Amino acid sequence: MKKGIVFVLSGPAGSGKSTVRERLMQKGRNFHYSVSDTTRKIRGAEKDGVDYRFITKKEFEDGIAAGNYYEYAQYTGEYYGTPVSQLTPYIEKGVNVILEIEVVGAMQVKKRDKNAVLVMLLPPSYAVLEKRLRDRGTESEEKILKRLARSREELQYFDEYDYFLLNEDGKIDECVRQLEMIAEAESNKTKNNPDFPNEFFK
Ligand code: 5GP
């Protein structure tokens, strides 16, 4: 049976990852969004179990010890991780899984799954990124500075990714369209359809 593909979407805070991912999923594609665990505090209108599962540091560390995470990383002092249960059962059923994760975790996924597709979403410039983060107004100055510093580090992983997408102001539809094209091309790759010749002659 055809397996699902793991799509990793990374990009600095303020790149618009969640919006792009939500729009993609509204198009009714065969995607499961992997809900991560995190130890950070709930923010704005987020819902526990929908945006993240918000858990304690102790719970997260117990999960690491039990091997419950497909990948995990620390980001600005908090843990973030993809539970195996959010990924493996879906892939086995032929459902594509979309992970919205940072670069360290993305490298772990790339190592574990050679067919994973890594996409880096970027604003058109660093100046635009800084403006978006400040306009969001949900975090302290200290957190904003930490996130900006981290985004500089993240760009160093640029060439580890298969694709990059620019999310320009006011052009989100174009960005979503490009991501859809990537998803379609990847699912038509011969290596992602190894059983097709046998089915053809049935
Ligand atoms: P935020 O606090 O803004 O929701 O997320 C901070 C960063 O952690 C973002 O880059 C986000 O994509 C990343 N992130 C969210 N969930 C996970 C996860 O399960 N694993 C990893 N490695 N990073 C994650």
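The preceding data block contains the structure.
Residues numbered from 1 in each chain as written. Predicted model: local features only at pLDDT ≥ 70, side-chain atom pairs only at ≥ 80, totals over all residues. Heavy atoms only, no water.

Caption draft 1: Spatial organisation of the sheet that holds strand E4 (residues 52-54). Strand order in the open sheet formed by four strands is E4-E3-E6-E5, and the pairing between neighbours is mixed. Unpaired on one side and paired on the other, E4 and strand E5 (69-75) mark the two borders of the sheet. Sheet twist, expressed as the mean angle between neighbouring strand axes with direction ignored, is 25°. Bridging between E5 and strand E6 (residues 78-83) involves six bridges; their strand directions are antiparallel. In the strand pairing of E6, Glu71 is matched with Thr82. The strands touched by helix H2 (residues 57-65) are strand E3 (36-38), E5 and E6; relative to E6, the strand with the most contacts, the crossing angle is about 45°. (Pairing = 2+ DSSP bridges. Helix = DSSP H or I, 4+ residues; strand = E, 2+ residues; numbered from the N terminus. Axes fitted to C-alpha atoms, helices over the stretch in contact; angles between N-to-C directions. Contact = heavy atoms within 4.5 Å.)

Caption draft 2: Representation of the side chain of Glu71. The residue Glu71 is located in strand E5 in this model. It turns out Glu71 is buried and unbridged, and the closest side chain with the opposite charge, Arg112, is 9.1 Å from it. Apart from the residues within four sequence positions on either side, Glu71 is in contact with Gly81, Thr82, Ile101, Gly105, Gln108 and Val109. (Buried < 20%, exposed > 50% of the residue type's maximum accessible area, 1.4 Å probe, protein only. Lys, Arg positive; Asp, Glu negative; His and termini not counted. Salt bridge = Lys/Arg side-chain N within 4 Å of Asp/Glu carboxyl O.)

Functional significance is not addressed by these values, which are geometric in nature.
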